[in-house]
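# Chains, contacts and geometry: an overview
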There are 6 protein chains.
Amino acid sequence: MRPSGRQPDQLREVSFVRDFTMHAEGSVLVTFGNTKVLCTASVEDGVPRFLKGKGQGWITAEYGMLPRATHTRSGREAARGKQGGRTLEIQRLIGRSLRAAVDLKKLGENTIYLDCDVLQADGGTRTAAISGACVALVDAFTRLLERKRIKEDPLNGLIASVSVGLYKGEPVLDLDYDEDSNADTDMNVVMTQHGGFVEIQGTAEGDEPFTRQQSDTLLGLAEKGIAEIVQKQQAVLGW
Amino acid sequence: MRPSGRQPDQLREVSFVRDFTMHAEGSVLVTFGNTKVLCTASVEDGVPRFLKGKGQGWITAEYGMLPRATHTRSGREAARGKQGGRTLEIQRLIGRSLRAAVDLKKLGENTIYLDCDVLQADGGTRTAAISGACVALVDAFTRLLERKRIKEDPLNGLIASVSVGLYKGEPVLDLDYDEDSNADTDMNVVMTQHGGFVEIQGTAEGDEPFTRQQSDTLLGLAEKGIAEIVQKQQAVLGW
Amino acid sequence: MRPSGRQPDQLREVSFVRDFTMHAEGSVLVTFGNTKVLCTASVEDGVPRFLKGKGQGWITAEYGMLPRATHTRSGREAARGKQGGRTLEIQRLIGRSLRAAVDLKKLGENTIYLDCDVLQADGGTRTAAISGACVALVDAFTRLLERKRIKEDPLNGLIASVSVGLYKGEPVLDLDYDEDSNADTDMNVVMTQHGGFVEIQGTAEGDEPFTRQQSDTLLGLAEKGIAEIVQKQQAVLGW
Amino acid sequence: MRPSGRQPDQLREVSFVRDFTMHAEGSVLVTFGNTKVLCTASVEDGVPRFLKGKGQGWITAEYGMLPRATHTRSGREAARGKQGGRTLEIQRLIGRSLRAAVDLKKLGENTIYLDCDVLQADGGTRTAAISGACVALVDAFTRLLERKRIKEDPLNGLIASVSVGLYKGEPVLDLDYDEDSNADTDMNVVMTQHGGFVEIQGTAEGDEPFTRQQSDTLLGLAEKGIAEIVQKQQAVLGW
Amino acid sequence: MRPSGRQPDQLREVSFVRDFTMHAEGSVLVTFGNTKVLCTASVEDGVPRFLKGKGQGWITAEYGMLPRATHTRSGREAARGKQGGRTLEIQRLIGRSLRAAVDLKKLGENTIYLDCDVLQADGGTRTAAISGACVALVDAFTRLLERKRIKEDPLNGLIASVSVGLYKGEPVLDLDYDEDSNADTDMNVVMTQHGGFVEIQGTAEGDEPFTRQQSDTLLGLAEKGIAEIVQKQQAVLGW
Amino acid sequence: MRPSGRQPDQLREVSFVRDFTMHAEGSVLVTFGNTKVLCTASVEDGVPRFLKGKGQGWITAEYGMLPRATHTRSGREAARGKQGGRTLEIQRLIGRSLRAAVDLKKLGENTIYLDCDVLQADGGTRTAAISGACVALVDAFTRLLERKRIKEDPLNGLIASVSVGLYKGEPVLDLDYDEDSNADTDMNVVMTQHGGFVEIQGTAEGDEPFTRQQSDTLLGLAEKGIAEIVQKQQAVLGW
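No experiment lies behind these values; they were computed from the predicted model shown.

Moving on, we come to the overall build of chain A. Within chain A, the regular secondary structure consists of five helices and nine strands. Tracing chain A from N to C terminus, the helices and strands come up as β-β-β-β-α-α-β-α-β-β-α-β-β-α. Over its C-alpha atoms chain A spans a radius of gyration of 18 Å, differing by no more than 12% from the 18 Å that the globule rule assigns to 239 residues. Taken along its principal axes, the extent of the C-alpha atoms in chain A is 50 × 40 × 30 Å. Here chain A holds 239 residues, and 60% of them are scored as buried. Put simply, of all contacts in chain A between residues at least 6 apart along the chain, 70% involve residues at least 24 apart. As displayed, chain A offers around 8800 Å² of accessible surface, 45% of which is attributable to carbon and sulfur atoms.

Right under this line is the structure:
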């Protein structure tokens, strides 16, 4: 039934390539099928003004798409002079999700920028970005520990994310672009490796609302998918 | 337990004042306790470029806060030269939610701007805005019908929204600012008058994720609250 | 002769509602007929850079119109990414006018933001804004005195403003939108409660210039109107 | 008494150099003492959208200061990414004033841009700009007539402008920077060559308001000065 | 002598990976040592306004660096709201260089966007971008021919680019970051496959100017390097 | 052969008027035929952040064109809200070129802004700007020495610039607009008074690349022209 021939509860091929680029403290190319996102974690001394002197660090995220990551070229946001609402919404979600993974006190007065740039898009770029940024963050923490810039690992645990939705009335896991653009309901879910929910964003795309029962089924599907993604994260980290 | 003394499943006082200002086709002051939002619906001929010639209309929303709607003054977005990420995220939510209430075909090639401006903020501005904008939209449709600019009522049904959350571990309905700024989990829910879910946005605010069971309890609380808000909408509309 | 049936030297109904919103140190809804402006006075520690260390305070103003305050919707300045020339011109006028009401030395190193947001427009928004902002300013001074953040009242005296103009060749007081959009000459006048002129801005709107005699007649009319507005300010302040 | 040694009712040396640059339809360097403004009139086919199809033309103005036209360098507005409030206010004044000089119907569907760029500032840049732009406009009309792009001269008559003010309590004409920065009251006046008032903008600069009598005296002084400037305009135009 | 141990006239390892991403008509990852740039060619119907109706096409380029392509993170241009001068300068150079490779008449009324995004920077990003964009352009032309959107191949010939410079007084080819940041003179050269010069940009970086003889030597070095890069381009294209 | 009747190796009339405006530390009107650029040098205390505490100064440049400096009016960059790519490219070139003329250590922690504003354009505005800015810079250094703000003259030597190009296949010196807009190759060259090259920027404008031999011939022509311009600089400086 799915355009890709996948089972309803089957993820696309998920992979993480660490140290994809050489300068960043963490640099991960994450792949969810044909969706490819480069996630880097960059450490900077100091914290934003609103946190000065509070003895804690900060995690923030920025998201972008290369102009031709998509089927048709979309205008470059730098050239248009502002980031669109979708971009801001996604980067707020990424930052919020990853902050939930971290004990900011243990980070000290350091800021970590998570840059998630989509090289190729085929649906699910935000969930791939969150899942990949988490691996880049782990690598950055490792380097901060090695360089003795922090004393304790600030990581509370891994975070991963996946989309679920109703496609032709059926609950499916990890929607690709073909499914996403035709879904009745689309839900992005972020969870911890311990099975806690960090974020749920469900939207009835058409004028067909969804039921509480459907919502619950979708959450179950997300739990399954995220558990598998966390296993992949653990594997690539050698845990 | 709640700072306001309310029961866990008790809404704040909710009211809708229609025709609050005189120029707009729909103009509603919505009050959720101390949160006051002016929602206007403005009809314009024509549709955005991407819909030209498709024989349907469009609903879009803009959201703003007066600089001193809040405890401390926040900079005027017009003066800073851009709308912040939070603003864009909220106005995208409002627009998406209200489009779910409307048969855009029946609207013809007209665009309705829903302007939601917060005069006074005390938590829940986006849920108040959605609930108020729906009443303004109904009034605008009535005027379009009276003026024979449309033939059929495009409304599929009422839409309302409320926040729910975990405050000191307890599920509560319709959080005010004191609760919201200390909540463990905050969830905004949008539903149709017929009990369908249009949007669920749940966030673990601290580093304490929530469970699937808690999510389900919160949705139940939201269902109760939204049903009451829909009754208020119906009452003020004389239905 | 006037569309509203008023006498040439008759003001619209003028009212001031204090504490219209709850967070600001001063919050006044001013009404000149159908023109309604919410004026808040917000106190912040410190002064702009150019005044640092000079032992004085600062008063500044910002002006905005809700998109549907007007007959037809005007684009939101925050969304367009800049304030228009008219907006900047008006907020500069408001700030300059109110500074004339204040002994900035007595204010200490505090800044007061006067936010004037038009909820409903029917001509004369800037004159209503100045008149209302003055009442909000008085309330803010009272609170600063109560909280012992300042020792002496910085107010030199009340300030009020009204428009006058030539409508169908006749001098009239306090033009509404119907008159304003058809006036030959439009003049905005700001005065102190003691009868001194703070600002005169007179413009021949069409290609019909005005005479020195007409200018003098208009100033006389403004003196009368402003005296009445000052009485309203005093009444609402309980002076 | 005046820093420059001038009589209270004495203008600075006023001159107009026509065809100061070679590309514009009108190009005038206007000098009021040490204030030097280059005013060009540029003709373009067509009118702004709001005038399309109304069979009339449009006059608009833009104003700028070279960064080091002033005592200390001010940041380049193009580099800061926006025009300041003062700039917008002045260019609105210039445009409005010059439109009063023109029968826009006779201009046909053409737009004239009046660019007023201050090469050197010593007070009174806006009044010099208005007076110089009028001469540039006359030259542009002459060229449009020569090229048969218009049939009738659209000029209603010359427009000129001067500042007056209270300096150390005395009414003086055409304030230079030393006077302007210390004036109690500053008034910019725009008049037609026939003695009609187009614009009056009077401001009490300090906390010392001015009287109706003083306003009247200042207007008399302005009438005298503007009459002299009009004579200079006529002389340089060979009228 | 060179930090990398290369001979003075030795290129870094140069490679081109075609079809690096899947949506663009041409998509090439170009590598000059550790410098990696993703170059995509996107075809759109139509031409910019200034070319409408002239029966020719257009080639334009945009350049960007991912925030952590560099040693230390640089702010995202989309977030800062504008492209910097260096970015604009480089993208103008890329566009101009590639237009020299193309017969725009044969392209018909189509526009090709060349997006060059630096994934990892180690000096020479603009020369790599030009060399890679040319291969992406060839692929795009091939697809346009296959799809019969154009009849003749618009390519005049290949274009490639390399940097040369004086490092510790010695002429060297293809500077990496270590050399570039210490070079006395830096020169970027763009040439056709037939040995013609398209662009020469030479700069004395310190206060040590260079001689005409040195300039000539550098051009000779560039000729050699570009010939080798063209061979690589031909090899990857299977010519 | 040249539209102007000049010999191939003949400059336009070149002149420098010092102290053209009165406020700047250096103010020079430079004329290359009909191209007229006002160059001011403004001294400010302090240096940009990246140089703080390094005991050296900084030279930076800004470039602008008055809207009607050109044949047809171009939009004012301040009104459009950003500087175009061409503007940024030119001002970066001017700044870089003039820094090559200066020992920044001897300048101390001062910044000099070189503002180059084109009053009238007829080709070669950037080369005139560089040549004129150098004279303004010398005057500013003289004033800094007189005022004892610096102890030693920071000038390494004069800098001048000229364009050369291939017009109808022939090498010509100092192209005017008619030539420039039809040139096959255009090259801007910046040199020191001692004959060293500071910058070479050569571009094949059409699809006709140039040869190494042609490049060399053009550099020879530039050497001749720049030597003559340096003589003019020396003459006007009384050296």
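Right, let's talk about the pairing of strand 7 (residues 170-173) of chain B for a bit. Residue and element names in this part refer to chain B. Across four bridges, the pairing between strand 6 (residues 159-167) and strand 7 is antiparallel. The partner of G165 across the bridge, within strand 7, is V172. Between strand 6 and strand 7, which follow one another and run antiparallel, lie two residues, and K168 among them has a positive phi close to 50°.

Formed by 438 residues in total, the largest nonpolar core has its most connected members in A:I112, B:I112, C:I112, D:I112, E:I112 and F:I112. With residues up to four places along the chain from it excluded, the contact list for C:I112 reads C:A41, C:S42, C:V43, C:W58, C:I59, C:T60, C:L107, C:L137, C:F141 and C:L144.

Once that is clear, we can look at the packing of helix 2 (residues 85-99) of chain D against helix 3 (residues 125-146) of chain D. Residue and element names in this part refer to chain D. The geometry of helix 2 relative to helix 3 is characterised by a closest axis approach of 10 Å and an angle of 40° between their N-to-C directions. With respect to their mutual orientation, helix 2 and helix 3 come out oblique. In terms of crossing hand, the pair formed by helix 2 and helix 3 is right-handed. For the pair helix 2 and helix 3, the contacting residues are R86, E89, I90, L93, I94, S97 and L98 in the first and T125, R126, A129, I130, A133, C134 and L137 in the second.

Now for the pattern of salt bridges. Within the structure shown, the criterion is met by 132 salt bridges over all chains. Residues E:E25 and A:R68 are paired through a salt bridge, measuring 2.7 Å at the closest nitrogen-oxygen approach. Here A:R68 lies in the loop between strand 4 (58-65) and helix 1 (77-80) and E:E25 lies in the loop between strand 1 (14-18) and strand 2 (26-32), a pairing that spans two chains. A relative accessible area of 10% places E:E25 in the buried class.

Residue and element names in this part refer to chain B. A rise of 1.5 Å per residue sets the reference length of helix 2 (residues 85-99), with its 15 residues, at 21 Å; its end C-alpha atoms lie 21 Å apart and thus fit the reference within 8%. Counting buried positions along helix 2 yields eleven of 15 residues, so the element is predominantly enclosed. Every buried residue of helix 2 is accounted for by G85, T87, L88, E89, I90, Q91, L93, I94, G95, S97 and L98.

At their nearest point, the C-alpha atoms of chain A and chain D are still 11 Å apart, with no contact between the two. Chain E makes no contact with chain C, the minimum C-alpha separation between the two being 11 Å.

What follows deals with empty space enclosed by the protein. Left-over empty space is what a probe sized like a water molecule reveals as it rolls over the atoms. By the definition in use, this model includes nine cavities of 30 Å³ or more. A:L66, A:P67, A:R68, A:A69, A:L119, E:T21, E:L38, E:T40, E:D115 and E:D117 are the residues that line the largest cavity. Listing elements by their share of the lining of the largest cavity, those giving two or more residues are strand 3 (35-45) and strand 5 (110-120) of chain E. For the lining of the largest cavity, the per-class residue count stands at five nonpolar, two polar and three charged.

This part is about the sheet that holds strand 4 (residues 58-65) of chain D. Residue and element names in this part refer to chain D. Reading across from one edge, 1-2-3-5-4 is the order of the five strands in this open sheet, with mixed pairing throughout. Single-partner strands in this sheet number two, and they are strand 1 (14-18) and strand 4. On average, each strand axis in the sheet is inclined to that of its neighbour by 20°, with strand direction left out of account. With ten bridges joining them, strand 3 (residues 35-45) and strand 5 (residues 110-120) adopt antiparallel strand pairing. Paired with S42 across the bridge in strand 5 is Y113. Seen against the sheet, helix 3 touches strand 1, strand 2 (26-32), strand 3, strand 4 and strand 5 and runs at an angle of roughly 35° to strand 3. Sitting on the sheet, helix 5 (residues 212-237) is in contact with strand 1 and strand 2, with an inclination near 30° to strand 1.

Looking now at the interface of chain A and chain E. Contact with chain A, which involves 38 residues of that partner, is made by 38 residues of chain E. Taken together, the two surfaces of chain A and chain E that pack against each other cover about 2900 Å², and 52% of this comes from carbon and sulfur. Put simply, chain A and chain E have twelve salt bridges between them. Here A:R76 and E:E62 are joined by a salt bridge, their closest N and O atoms 2.9 Å apart. On inspection of chain A and its partner chain E, the count reaches 20 residue pairs in polar contact (both at pLDDT 80 or more). Residue assignment for the side of chain A that touches chain E shows that the elements contributing at least two residues are strand 3 (35-45), strand 4, helix 1 and strand 5 (110-120) of chain A. Counted by class, the side of chain A that touches chain E contains 16 nonpolar, eleven polar and eleven charged residues.

Once that is clear, we can look at the UniProt feature "domain: Exoribonuclease phosphorolytic" (unreviewed entry) in chain A. All names here are of chain A. Here, the residues flagged by UniProt with the feature "domain: Exoribonuclease phosphorolytic" (unreviewed entry) are residues 10-140 and 158-224. For residues 10-140, the end-to-end C-alpha separation is 31 Å, with 27% helix and 32% strand making up the annotated structure. Helix makes up 25% of residues 158-224 and strand 43%, with an end-to-end C-alpha separation of 15 Å.

Further remarks concern the packing of aromatic side chains. Two descriptors summarise a pair of aromatic rings, namely the distance from one centre to the other and the angle between the planes of the rings. Residue and element names in this part refer to chain D. Per the stated rule, a full pass over the model turns up twelve aromatic pairs over all chains. Between F50 and W58 the ring centres are 5.3 Å apart and the planes differ by 85°, which places this aromatic pair in the edge-to-face class. Residue classification places W58 among the buried positions, given a relative accessible area of 18%.

Here we take up the environment of D:A129. Residue and element names in this part refer to chain D. Along the chain, A129 falls in helix 3. On the basis of relative accessibility, which here comes to 0%, the residue A129 falls in the buried class. Counting along the chain gives 122 residues from A129 to Q7, while the straight-line C-alpha distance between them is 23 Å. Apart from residues lying up to four places away in sequence, A129 is in contact with V37, C39, I94 and C116.

Look at the UniProt record and you will see "binding site: phosphate" (unreviewed entry) annotated at A:R86, A:G124, A:T125 and A:R126. Despite a sequence span of 41 residues, these residues sit close together in the fold, their greatest C-alpha distance being 13.3 Å. Among the residues examined, A:R86 registers a relative accessible area of 31% and is labelled partly exposed. Once you skip the residues sitting within four places of it in the chain, A:R86 turns out to touch A:Y63, A:M65, A:T125, A:R126 and B:R92. Along the chain, A:T125 turns up in helix 3 (residues 125-146). Setting aside chain neighbours within four positions, we find A:T125 in contact with A:T35, A:V37, A:Y63, A:R86 and A:V118.

With that settled, consider the sheet that holds strand 2 (residues 26-32) of chain B. All names here are of chain B. Read from one edge to the other, the open sheet built from five strands follows the order 1-2-3-5-4, with strand pairing classed as mixed. The open sheet has two edge strands, strand 1 (14-18) and strand 4 (58-65), and neither has a second partner. Each strand of the sheet is rotated relative to its neighbour by a mean of 20°, with strand direction disregarded. Packed onto the sheet, helix 2 meets strand 4 and strand 5 (110-120) and runs at close to 145° relative to strand 4. The sheet contacts of helix 3 (residues 125-146) involve strand 1, strand 2, strand 3 (35-45), strand 4 and strand 5, and relative to strand 3 the element is tilted by about 35°.

Conventions and cut-offs
Residues numbered from 1 in each chain as written. Chains lettered and ligands numbered in written order. Predicted model: local features only at pLDDT ≥ 70, side-chain atom pairs only at ≥ 80, totals over all residues. Heavy atoms only, no water. Helix = DSSP H or I, 4+ residues; strand = E, 2+ residues; numbered from the N terminus. Rg over C-alpha atoms; globule rule 2.2 N^0.38 Å. Buried < 20%, exposed > 50% of the residue type's maximum accessible area, 1.4 Å probe, protein only. Contact = heavy atoms within 4.5 Å. Areas by Shrake-Rupley, 256 points an atom, 1.4 Å probe, with all protein chains shown as cover. Pairing = 2+ DSSP bridges. Core = buried A, V, L, I, M, F, W, Y, C linked by side-chain atoms within 4.5 Å. Axes fitted to C-alpha atoms, helices over the stretch in contact; angles between N-to-C directions. Parallel < 35°, antiparallel > 145°, perpendicular 65-115°, else oblique. Left-handed = near helix turned anticlockwise from the far one by under 90°. Salt bridge = Lys/Arg side-chain N within 4 Å of Asp/Glu carboxyl O. Expected span 1.5 Å × (residues − 1). 1 Å grid on protein atoms, 1.4 Å probe; cavity = no way out; pocket = protein on both sides within 12 Å on 5 of 7 lines; lining within 4 Å. Points joined across faces, edges and corners; volume = space filled by probe spheres on them. Nonpolar A, V, L, I, M, F, W, Y, C, P; charged D, E, K, R; others polar. Buried area = accessible area lost by both parts, 1.4 Å probe. Polar contact = N/O pair within 3.5 Å; in protein donor to acceptor, adjacent residues only side chain to side chain. UniProt positions renumbered as here; feature names shortened; annotations may be inferred. Phe/Tyr/Trp six-rings, centres within 6.5 Å; stacked < 30°, edge-to-face > 60°.

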